[in-house]
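Remarks on the overall topology
Chain by chain, the residues run as shown.
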Amino acid sequence: MTTVLMLFCLQCLLGGFDNLWHHEIQARLPRQPTARKELAFHAAREIIYGLVFFGVAWRQWEGLWALVLIAILAAEIVITICDFLEEDRTRRLPPLERVLHTVMALVYGGLLAVWVPELWRWMQAPTGLVRTSYDWLSWLMTMFAAGVSTWGLRDLAAVARLGVPDWQRHPMYAGSKPDTRTVLVTGGTGFVGRALVRALLAWGDRVIVLSRNPSRARDGFGPPVEVCGDLAEIDTGKRIHAIVNLAGEPLAGGLWTAGRKRRFLESRVRTTENIIGLISRLHQRPDVLVCASAVGYYGDRGNEILDESSRLGQGYLPDLTRQCESAAEPARALGVRLCWLRFGYVLGREGGLLRSMIPAVRLGGGAVIGPGTQWMSWIHVRDAVRLIQHVLEHPGLDGVVNAVAPMAVTQRSFTRKLAVSLRRPVLVRLPAGLLSRVLGQMTELLVSSQNVAPTRALAAGFRFEYEDLDCALSEIAGSNQSLRTVARRVYANYDCPVCSAEMAKYRQAAERCGADIEFIDAAGSTVRTAAYGLTETDLRRRLFVLDSAGCLRSGIDAFAAIWSQLPALRWLGWLARTPLCKPALELLYDLVCAPALTQWNARRLRRSAATMPHAGTV
């Protein structure tokens, strides 16, 4: 049995690498709408493995229990075969993943061959789960069982999340105005791109998003946004008033290998060249092209205050940004106004620098990097979006514009202010020499000092909403979040008896405490929600709440907005927002409650229609 457990451990290590490298890092399956079925197979297999790992580590499955174990193993084999077929149907597997799958199949076959005599002996014994122990192997198997089960639940949560398009979870408001523009956005599924697309729609513009993954973009933006996978799809007669180019392989997220550095350049330059090609063939050319650049252009400049006229720095990042900016120069010869926005660190709750920093700081891992005296130029994502809009609307602005807040801070100050906003200490210091040995050239991104001033933006009349880092971090850390989640209108399916009864309780509670909440039947209410792209069918499948900030929320977020206003349920609203409970509640609602109620109501209505007297009967 020791050999069997060791082969199980080897299988788990190979599977863990496959999950982490191929499924998570390379394919990013939990974010791909087309991967929902594959993730369901993964979740089922991982939960089975967790059960088997823990079960055989401490018990001998004898008698009829051995047959149960064999049935579980057979089910795992069937699920794996179905998973292989689904993978081949939906995505192109890299060679390493195919080789790894072959090796895992051979290991699993060898494991079963070794285990058969032991399973036969268990079958001959009286039925029971006999306690046993294999010393350190039992504890190692228990650890693997916990890990693979947790990953299975995570994949199950992804299955639930992907079952509802993201644009229905977070509907986008599409405004209207007389002078509607059409804006093409590349990199629209990135952090700044998502925020920009939402803002453009709210301002009443029409938006076209170029994405390498059109299905993911459609899942995120829904009906209000036109999505294309290639600029060649755009007709030459189409009127595009402005282009915002935010495309580019993210610089963070891994070591700067030769291959990644090549992708950094190609992803930016090739997209820019394709945009120039589109502009040259359009019958009516855009008024402006706005390209994202970075303050990395200035290099490591110590305490020098830098503005748009400052010279090019030295190093890899300055050279990269110079090449990217040069690729857009032909737009001028085509008569298009050209602007480069040199962004600093973009801060926001849903992405950017803080997406990885906040969890680390909350766990006590906030660190001063290098000397800590290097300057960090930053901008809040709302100001970044507003500045793009400002550039689009002001014809006098062209050339370089620094997209940074007026008050840069040192890295030490930035980390400490973030830690204070999260009520955590800063206990770690990472020397630049150590970082250089571990991260190589990527250290340049972390220790370069750029004290950049937004001189041209301020001169053009732009006013920052978040000039001070304390104010920005306070908003991002969530201290004002409750103010934005006050429910004003609740859209529910009153044809569903369960939903109707639940909303009746909330209405009575709201009346008792004086909460100003309007409860609306989803039937016939699409006039109010048409600007969000929602149909009556959409409104009937989920609970939607319009909050005081004009955001439409759905599912558990909608329930939390209601609960937080009712004194008796305020604790539940707080619980529904905690990082630990929210995913579990979303899993329960999205995978069980909402689908079950939808199917139950559909069957109930069909039975009601079948038993309804036909016309002319007495």
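Up top you'll find the structure we're talking about.
The rules behind the values
Residues numbered from 1 in each chain as written. Predicted model: local features only at pLDDT ≥ 70, side-chain atom pairs only at ≥ 80, totals over all residues. Heavy atoms only, no water. Core = buried A, V, L, I, M, F, W, Y, C linked by side-chain atoms within 4.5 Å. Buried < 20%, exposed > 50% of the residue type's maximum accessible area, 1.4 Å probe, protein only. Contact = heavy atoms within 4.5 Å. Helix = DSSP H or I, 4+ residues; strand = E, 2+ residues; numbered from the N terminus. Pairing = 2+ DSSP bridges. Expected span 1.5 Å × (residues − 1). Bend = angle between axes of the 7 residues up to and from the residue. Patch = residues over 30% accessible without salt bridge, like charges linked within 9 Å, V, L, I, M, F, W, Y side chains within 5 Å. Areas by Shrake-Rupley, 256 points an atom, 1.4 Å probe, with all protein chains shown as cover. Salt bridge = Lys/Arg side-chain N within 4 Å of Asp/Glu carboxyl O. Lys, Arg positive; Asp, Glu negative; His and termini not counted. Charge placed at Lys NZ, Arg CZ, Asp CG, Glu CD. Axes fitted to C-alpha atoms, helices over the stretch in contact; angles between N-to-C directions. Parallel < 35°, antiparallel > 145°, perpendicular 65-115°, else oblique. Left-handed = near helix turned anticlockwise from the far one by under 90°. Nonpolar A, V, L, I, M, F, W, Y, C, P; charged D, E, K, R; others polar. Phe/Tyr/Trp six-rings, centres within 6.5 Å; stacked < 30°, edge-to-face > 60°. Lys NZ or Arg CZ within 6 Å of the ring centre and 35° of its normal.

Details of the nonpolar core
Formed by 39 residues in total, the largest nonpolar core has its most connected members in Val225, Leu341 and Ile388. Excluding its chain neighbours within four sequence positions, the residues that come into contact with Val225 are Met172, Val197, Leu201, Val207 and Val209. Formed by 30 residues, the second largest nonpolar core is a distinct cluster that contains Tyr49, Phe53, Trp58 and Val148.

With respect to the pairing of strand E9 (residues 337-343)
Of all 7 residues that make up E9, 7 are buried, and the element is covered over most of its length. When strand E7 (residues 288-294) meets E9, the two strands line up parallel, connected through 7 bridges. Bridging from a neighbouring strand, Cys291 pairs with Trp340 of E9. Alignment of E9 against strand E15 (residues 399-403), held across 5 bridges, turns out to be parallel. Each bridged residue has a counterpart across the sheet, and for Leu341 the counterpart in E15 is Val401.

Remarks on helix H1 (residues 2-26)
The end-to-end C-alpha distance of H1 is 34 Å, a good match for the 36 Å that 25 residues give at a rise of 1.5 Å each. Helix geometry: H1 is bent most strongly at Asn19, by close to 25 degrees. For H1, every residue scored as buried is listed here: Val4, Leu5, Phe8, Cys9, Gln11, Cys12, Leu14, Gly15, Asp18, Asn19, His22 and His23. On its buried face, H1 sits against helix H2 (36-58), helix H3 (64-90), helix H4 (95-124) and helix H5 (136-162). Directly beyond the C-terminal end of H1, a positive phi value near 50 degrees is found at Arg28.

Observations regarding a positive patch on the surface
Together, Arg28, Arg31, Arg161, Arg212 and Arg355 line one region of the surface with positive charge. With respect to the helices and strands, Arg31 occurs in the loop between H1 and H2. With relative accessibility at 39%, the residue Arg31 sits in the partly exposed group.

Digging into the sheet that holds E15
Strand pairing in a sheet relies on backbone hydrogen bonds, with the paired strands running either antiparallel or parallel. Judged by pairing direction, the sheet is parallel, and its 7 strands sit side by side in the order E5-E4-E3-E6-E7-E9-E15 without closing on themselves. With partners counted over all chains shown, the strands left at the sheet margins are strand E5 (226-228) and E15, one partner each. Within the sheet, the average angular offset between the axes of one strand and its neighbour, ignoring direction, is 20 degrees.

So, the pattern of salt bridges
The final tally for this structure, using the stated rule, is 32 salt bridges. Where Arg154 meets Glu24, a salt bridge forms, and the shortest distance between an N and an O atom there is 2.9 Å. Taken together, the residues Arg154 in helix H5 and Glu24 in helix H1 connect sequence positions 130 residues apart. Taking the shortest distance from any N to any O, the salt bridge between Arg91 and Glu38 comes out at 2.9 Å. Note that Arg91 is positioned in the loop between H3 and H4 and Glu38 in helix H2, a separation of 53 residues in sequence. Taking the relative accessible area as the measure of exposure, Glu38 reaches 1% and is therefore buried. Residues participating in the shared-partner salt-bridge network are Glu38, Glu87, Arg91 and Glu97.

A look at a nonpolar patch on the surface
On the surface, Phe17, Leu20, Trp21, Ile25 and Leu96 cluster together into a nonpolar patch covering about 460 Å² of accessible area. Per-element accounting of the nonpolar patch gives the leading share, 4 residues, to H1. Along the chain, the position of Trp21 falls in helix H1. Under the relative-accessibility criterion, Trp21 is labelled partly exposed at 35%.

Points about the sheet that holds strand E11 (residues 351-352)
Strand order in the open sheet formed by 3 strands is E11-E10-E14, and the pairing between neighbours is mixed. Among the strands making up the open sheet, the edge pair consists of E11 and strand E14 (378-380). Note: strand E10 (residues 345-348) against E11, 2 bridges, orientation antiparallel. Opposite Leu347, over in E11, you have Gly352 as the bridge partner. Lying over the sheet, helix H7 (residues 191-202) contacts E10 and E11, oriented at roughly 60 degrees with respect to E10.

Some remarks on the packing of helix H12 (residues 353-362) against helix H14 (residues 411-421)
At their nearest, the axes of H12 and H14 sit 10 Å apart, and the two run at 60 degrees to each other. By the angle between their directions, the pair H12 and H14 is classed as oblique. Every pair of crossing elements has a handedness; the one defined by H12 and H14 is right-handed. Along its contact with H12, which presents Leu353, Leu354, Met357, Ile358 and Val361, the element H14 presents Phe414, Thr415, Leu418 and Ala419. Taken together, the residues of the contact of H12 with H14 break down into 8 nonpolar, 1 polar and no charged.

Digging into the environment of Ala509
Here Ala509 is to be found in helix H19 (residues 497-513). Take Ala509: its relative accessible area is 16%, and that puts it in the buried class. Spatially, the C-alpha atom of Ala509 lies 14 Å from that of Val490, the residues being 19 residues apart in sequence.

Quick word on the environment of Asp307
Positionally, Asp307 belongs in the loop between strand E8 (305-306) and helix H10 (316-327). Sequence separation between Asp307 and Val400 is 93 residues, and the spatial gap between their C-alpha atoms is 9.5 Å. Not counting residues within four places of it along the chain, the set of residues in contact with Asp307 comprises Tyr298, Asn402, Ala453 and Thr455.

Some points on the environment of Gly299
Within the secondary structure layout, Gly299 lies in the loop between E7 and E8. For Gly299, a relative accessible area of 3% puts it in the buried group. For the pair formed by Gly299 and Asp319, sequence separation is 20 residues and the distance between their alpha carbons is 9.1 Å. Residues in contact with Gly299, not counting those within four places in the same chain, are Gly313, Gln314, Pro318, Ser449 and Gln450.

What to know about the packing of aromatic side chains
Tallied over the full model, the rule gives 14 aromatic pairs. When the centroid spacing of 5.4 Å and the interplanar angle of 35 degrees are considered together, the rings of Phe559 and Trp563 count as tilted. Of this pair, Phe559 and Trp563 both sit in helix H22 (residues 556-563), separated by 4 residues, roughly a single helical turn. An identical accessibility class is assigned to Phe559 and Trp563; each is buried. Centroid distance Phe559 to Tyr589: 5.7 Å. Interplanar angle 75 degrees. Geometry classified as edge-to-face. Linking Phe559 in helix H22 with Tyr589 in helix H24 (residues 581-611), this pair joins segments that are 30 residues apart in sequence. Of the aromatic side chains, those joined through ring pairs into one cluster are Phe8, Tyr49, Phe53, Tyr108, Trp115 and Trp122. Over the ring of Trp151 we find Arg154, and its NZ or CZ is 5.8 Å from the ring centre.

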